[in-house]
Every structure is written in C-alpha cells, then in structure tokens.
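In case you want the letters, here they are:
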Amino acid sequence: MKVLLPDGAGYKANLHAHTTQSDGHCTPQQVKDYYRAHGYSILAYTDHLFMCDRTALNDENFVALNGYENCLHDGGAANADKAYHINFYSPSPDAVGMVGVSERFYDFFNKVLREKSAEELALSPILNGFCNPEHSVANANEIIAEANKLGYLAVYNHPVWSCHEPKDYLGLKGLLGMEIVNYASYREGAEPDDMGIIYDHMLKDGQKLYCFANDDVHRCIESDSLGGFNVMYPDKLDYQSVFECMKKGAFYASTGARLRGIAVDGNKVYVGAENARSVRLSTDGRFAKLVTGSPSAETVFELNEHVKYFRVTVEDFDGKKAFSRAYFSEEFK
Ligand SMILES: [Zn+2]
Ligand SMILES: [Zn+2]
C-alpha cells in the first residue's frame, strides 16, 4: 500500500492574497489576523508586482510565504483583455527579488494606485530589469523559466477570468500548478467553481502540474474569502517545510469538502472522503468512474493499466468540492 495523500487534519492554506501593498483593502497584518481567526495556518502574500519578506508575521501557528502575482496583458478590448496572471512563490524568506516584471503594471501598482516611498520600493527589488510585456505562451514560458532558475514555484491563475482559450494555456512549461478554483473570481461570476476541464487539458498536454483552490482575497469579506483553500501536510509548520510540501504536492484543494487520504495498492485506489454525495475518479482517457448516492467513507476504484494519471473529485451534501491533484503513473505504478 502506497499512501499518496495522508488522512489527517493538515493545515489550512490560502495561497493567493492581496494587501494594501497592491490593490487589496487590508494590511498584511489584518489579512493574517482574519485568516488566523478562521482557522488558517498558512497564507501566501501575492501582491501584484510587489514581494517583500513577510516572515516577521510568522509564529508557531502561522507561516507566511513570500510571493507576488505577475501579469502580462494583451491590451485587447476592456471586457476581454487576455491576461497571464502567474503567482511566483519564493523558496526562502530572504529571496524577494522579482523577475518577469512588466514596467506598465509595476508602475500602476507601485506608483499610481499606491504611491510607495523609495524605501518601500527597495524592499521589493526587480532583478534583470523589466520584462518583455508581450502576452504569448513563448514569453510566459521565458518568464516562468527565469523564475524557476531562482527556485520559485509558479502557479497559473484564474484561466477563465483571464479570457484564455486552450491556445493560451497549452504549451505552457515549468508551472507547478494551476488554480482549479479562484474563489473571488467565482463569486464575481467571472469563473466557474471548478476548472477541472482546463486542468485536464493542461495535463493531457503533458504538463505535470498540481491544482490549487485559492481565495484571491482583496477585501477579507464574505464574497472574496474563505471559499477556496488547500489542506497541506508539511512535516513541520515552518517556511521551508511548507514550501517543500507545496513543491512535492502533499496537499489537496477544496471549497469545503474533505478528502481523507488516497492510497494505491496494485491497481486499486482507495479514497477516503467525508459526507460525500459523489466521488469521482477521472483519468487522462475515457476510463473514469463516478460513485454517487452516499459513498462509504472509503471508495475503492480499480485502475485500467493504460492510465497515465488519475485525480479525484469529491462533492459533499452541501455542494462543496474537494480536488486531489493529479497523480502520475510513475508515482503509483
Ligand atoms: Zn489575478
Ligand atoms: Zn490575485
């Protein structure tokens, strides 16, 4: 028996958050306090084109990860302007240099929307100058590659809000993951509550990536928070362990439903879930299975020998979902 996902409480994490240092309404401390009050232990600060060290906020019950949200827009029609928004997460508290920074958006977020002092700007240095601002797969790949060289993890955000078509996300390289849920965009109506189809397109494209459910919180109010989170299983609650946990995919994504472990034994997959109305195993092909009604606490699936990846989606009786990441044949065979 090989355990792919442990059964345990884990730590609740929102890995996409904005503060007053870009277009958010709350200070970094206020965002922390809000999430702590709601049972979260991990929060990634991902302001638009601003990343400084937040780890002064860390304590024995809380880890802040340093990140920023990168943007490349195509400058098209106002209601259909295509955009790559990619979150980059820094591998260590003291690595805060940004790459892939578009001058236009840097100026907008740091000089127009917020007039930051020279001292404040110095907290978030730009490495290698401003980037080519072109909205294209090739340019996004160059920027992701530059970030990966620094050990940064890259996550592709809200594909539907971004007005992306398959040609915009097929061929991306070097991503750690994509947002299967972006809760704020869902509540605005700009994004479905389950981007599993896009996740599958990217996986079938050969991209070995994970899926995340994030709030993309800007205001810490009911309509933009506490609706997309990840349950993470780091060895310890510190920066390095949380970063490693993210990197190796020891987590699942959720809008409120609970996954209670995934294990494989030969061609059998064991999925634990709570209060489930349905448990679905989907794969790279037509081979898939949906168990509905009131699946028992543990659902057993048998894998077809040709399966290259599988992933699990649980829906509970409150209509909330939990999404495993994709598990690839080299991990379960
Ligand atoms: Zn965004
Ligand atoms: Zn965002």
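Owing to the predicted nature of the structure, the values given are computational and were not obtained by experimental measurement.

S.K.: An account of the coordination of the zinc ion (ligand 2) is requested, with residue identities and associated values reported.
M.R.: Distances from the zinc ion (ligand 2) to its protein donors, namely His16 (NE2), His18 (NE2), Glu69 (OE) and Asp216 (OD), fall within the range 2.0 to 2.3 Å. We classify His18 as buried; its relative accessible area is 1%.

S.K.: A description of the coordination of the zinc ion (ligand 1) should follow, citing residues and the corresponding values.
M.R.: Taken together, Glu69 (OE), His85 (ND1) and His158 (NE2) make up the full set of protein donors to the zinc ion (ligand 1), lying 2.1 to 2.2 Å away. In primary sequence terms, the donor set of the zinc ion (ligand 1) follows E-x15-H-x72-H.

S.K.: Would you mind going over the packing of aromatic side chains in detail, with residue names and values included?
M.R.: This model, assessed by the stated rule, comprises 13 aromatic pairs. Residues Tyr183 and Tyr186 carry aromatic rings whose centres are separated by 6.0 Å and whose planes lie at 45 degrees to one another, so their mutual orientation is tilted. Of the two residues, Tyr183 and Tyr186 both sit in helix H6 (residues 183–188), three residues apart, roughly one turn of that helix. Judged by its relative accessible area of 11%, Tyr183 is buried. A centroid spacing of 5.8 Å and a plane angle of 75 degrees characterise the contact between Tyr210 and Phe251, whose relative ring orientation is edge-to-face. Of this pair, Tyr210 sits in strand E8 (residues 210–214) while Phe251 sits in strand E10 (residues 251–254); the two residues are 41 residues apart in sequence, bridging distant segments of the chain. The residues Tyr210 and Phe251 share a single accessibility class, namely buried. The structure contains a cluster of three or more aromatic residues connected by ring pairs, namely Tyr34, Tyr35, Tyr40 and Phe229. Over the face of the ring belonging to Phe229 we find Lys12, whose NZ or CZ atom lies 4.4 Å from the ring centre. The ring of Phe50 carries the charged tip of Lys116 above its face, separated from the ring centre by 4.0 Å.

S.K.: A description of the domain arrangement of the chain should follow, citing residues and the corresponding values.
M.R.: Entries for the chain in the domain assignment read domain 1 (9–253) and domain 2 (256–333). For domain 1 versus domain 2, the separation of C-alpha centres amounts to 27 Å. The partner domain 2 presents 16 residues to the 20 residues of domain 1 that form the contact. Here domain 1 and domain 2 share three salt bridges between them. Two residues, Asp200 and Arg311, come together in a salt bridge whose shortest N-O distance is 2.9 Å. On the surface where domain 1 and domain 2 come into contact, there are eleven residue pairs in polar contact (both at pLDDT 80 or more). Sorting the residues of the side of domain 1 that touches domain 2 by element identifies strand E7 (177–182), helix H7 (196–204), E8, strand E9 (229–232) and E10 as the ones contributing at least two each. A class-by-class count of the residues in the side of domain 1 that touches domain 2 yields twelve nonpolar, two polar and six charged.

S.K.: Describe a nonpolar patch on the surface, naming the residues involved and giving the relevant values.
M.R.: Together, Phe108, Val112 and Leu113 make up an exposed nonpolar region whose accessible area comes to about 260 Å². Following the sequence through the fold, Phe108 ends up in helix H2 (residues 103–112). Looking at Phe108, the relative accessible area reads 38%, which means it is partly exposed.

What counts, and at which threshold
Residues numbered from 1 in each chain as written. Chains lettered and ligands numbered in written order. Predicted model: local features only at pLDDT ≥ 70, side-chain atom pairs only at ≥ 80, totals over all residues. Heavy atoms only, no water. Donors = N, O, S within 2.8 Å, 3.2 Å for Na, K, Ca; no water. Buried < 20%, exposed > 50% of the residue type's maximum accessible area, 1.4 Å probe, protein only. Phe/Tyr/Trp six-rings, centres within 6.5 Å; stacked < 30°, edge-to-face > 60°. Helix = DSSP H or I, 4+ residues; strand = E, 2+ residues; numbered from the N terminus. Lys NZ or Arg CZ within 6 Å of the ring centre and 35° of its normal. Domains from an automatic or database assignment. Contact = heavy atoms within 4.5 Å. Salt bridge = Lys/Arg side-chain N within 4 Å of Asp/Glu carboxyl O. Polar contact = N/O pair within 3.5 Å; in protein donor to acceptor, adjacent residues only side chain to side chain. Nonpolar A, V, L, I, M, F, W, Y, C, P; charged D, E, K, R; others polar. Patch = residues over 30% accessible without salt bridge, like charges linked within 9 Å, V, L, I, M, F, W, Y side chains within 5 Å. Areas by Shrake-Rupley, 256 points an atom, 1.4 Å probe, with all protein chains shown as cover.

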